[in-house]
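Here are the chains, one letter per residue:
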Amino acid sequence: MREVLERVERWLAAGERVALATVVRTWRSAPRPAGAALAVGPGGEVVGSVSGGCVEGAVYELAGQVLADGVPVLQRYGVSDGDAFAVGLTCGGELDVFVERLDRSNANLVRAATASVRAGEAVAVATVVDAPEPGAPGRHLLVWPDRCAGSLGSERLDAAVTDDARGLLDAGASGLVRLGADGERRRDELAVFVASHAPPARMLVYGAIDTAAAVARLGSFLGFRVTVCDARPVFTTPARFPHADEVVVRRPHRHLREEVAAGRVDARTVVCVLTHDPESDVPLLEVALRSPAGYVGAMGSRRTHEARLAGLRAAGLGPGELARLSSPIGLDLGARTPEETAVSIVAEVTALRWGGSGARLGSTAGRIHHERDATG
C-alpha cells in the first residue's frame, strides 16, 4: 500500500487526477484482503492490485469511468455476478471494491497520510463507501492516535468513526464500519471503510544462532521489523544477521523488559526464543508471557520444554500464561536444516495470526483463506 500511496501522491502533486480502487470487504477465498488497493494514473499507468489478476481488467475499466465522471462506485465481484463490470473470480470468492477519483481537493490528505506511512507513524484513512446521501461517498477522515484531519460530514459521525478507527489501528487491522448517517451506533445505513497503516509488526528473535539468521530473513520477507538480540557480542553482529533491522548485544530478558516498559511490544509482536539456555530462557519467557506479545515461542526438546515449564511455575506463572507458550516452537514439518526450521516457525506464526489449522489443504474442506473479523 505504501507504494500505491507514494505514486498517488506524486500524481496529485503534478496536478493530475487519479482513480483509486480499494478492496473494502471480502468473502470466502477472495485473493486479496480488505485494504488491498490499485491506482490508475492519468496516462493509464497502474500500480498495486486488488485481486492478483482475477478482476484487474474489470476494475481498470471501472477506474476509467470514475476518472471521467468523478462519481464513486462500490462494486461487487464474485462467481455469481453477471453485469459488465462484475466478473467471476477463479478462486470462488467475492469482494467489494470501492473506486473513487482523487484530485487536488484530496492532495493534502494524501500527502499527510503518505508522510505518516513513510515515517512509520500509525495512521488510519476512513472513507465513506456507501451512504444514503448522494455526495457522501468519497469523503475522508484521517485518524492518528492523537489527532484527526478531514471530515466525513458531521462532528458526531467523525467522533464515532475516530473511536472505531483507533481500535482497528491498535490491532493493525482494516475493516468496514457501519453506522447511522450521523454516527448512530444502532443503525447501519452508512458504510465507512477504515484502512489502517500501522508500523510494521515486530519480530524479536533471541539467540544469535544459525536458525535465528534464517528466521530473521523470513520475518523480514513477511514484512516484520526484525530485532535479533543476544548477550554474546562475538556472535551478535550485523554481518551475521544482514536481514535484521536491528542487532542488539544485551541480556535477552533485560532487553525485552525494556521494550515492554517503553510500550514497544503489542499484540502484533512475535517473540522467538532460540537461546537453548535454560538459565536465560526462564527469565526471558517470564517477561514475554506476561507481556502483550501476540506470539511467544521457544525452541528446544520436549524435555527442555518440561524443564522450562517447571521453572516458569516456580517463578509464579499461572496456567493461562503458560498456555500462551508455543513450545517446542513451530509446526511439525519434519524440518532438519535451520532454513526448514525457520519455515516451520513462521508457518506457525502465520497460522495463529489468521486462524489456520496448519493441516495440509488437500486434507481439509471449507474455506482456504481465513481472516480476522475486523468489521464494526
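As a reminder, the structure under discussion sits directly above these lines.
Nothing here was measured: the structure is a model prediction, and the numbers come from that model.

Q: Report on the packing of aromatic side chains, specifying residues and quantitative values.
A: Following the criterion strictly, the structure yields zero aromatic pairs and no others. Positioned over the ring face of Trp-144 is Arg-147, at 4.0 Å from the centre of the ring.

Q: An account of helix H6 (residues 252-261) is requested, with residue identities and associated values reported.
A: Taken together, the buried positions of H6 are occupied by Pro-252, His-253, His-255, Leu-256 and Glu-259. Viewed along the axis of H6, the buried residues span an arc of 160 degrees, placing them on a single side of the element. Residues of H6 that are buried make contact with strand E11 (202-206), strand E12 (225-230), strand E13 (246-249) and helix H7 (278-289). Backbone geometry just after H6 places Gly-263 at a positive phi near 75 degrees.

Q: Hey, could you go over unusual backbone geometry for me, with residue numbers and the actual values?
A: Here Ser-327 and Pro-328 are connected by a cis peptide whose omega angle stands at -5 degrees. One can find Pro-328 in the loop between strand E16 (325-326) and helix H10 (338-354).

Q: Describe the sheet that holds E11, listing the residues and the values that go with them.
A: Pairing is parallel across the open sheet formed by six strands, whose spatial order is E13-E12-E11-E14-E15-E16. The two strands at the open ends of the sheet, each matched to only one other strand, are E13 and E16. As paired elements, E11 and strand E14 (residues 270-273) share four bridges and run parallel to each other. Bridged to Leu-204 within E14 is Val-271.

The rules we used
Residues numbered from 1 in each chain as written. Predicted model: local features only at pLDDT ≥ 70, side-chain atom pairs only at ≥ 80, totals over all residues. Heavy atoms only, no water. Phe/Tyr/Trp six-rings, centres within 6.5 Å; stacked < 30°, edge-to-face > 60°. Lys NZ or Arg CZ within 6 Å of the ring centre and 35° of its normal. Buried < 20%, exposed > 50% of the residue type's maximum accessible area, 1.4 Å probe, protein only. Helix = DSSP H or I, 4+ residues; strand = E, 2+ residues; numbered from the N terminus. Arc of directions from axis to C-beta. Contact = heavy atoms within 4.5 Å. Pairing = 2+ DSSP bridges.

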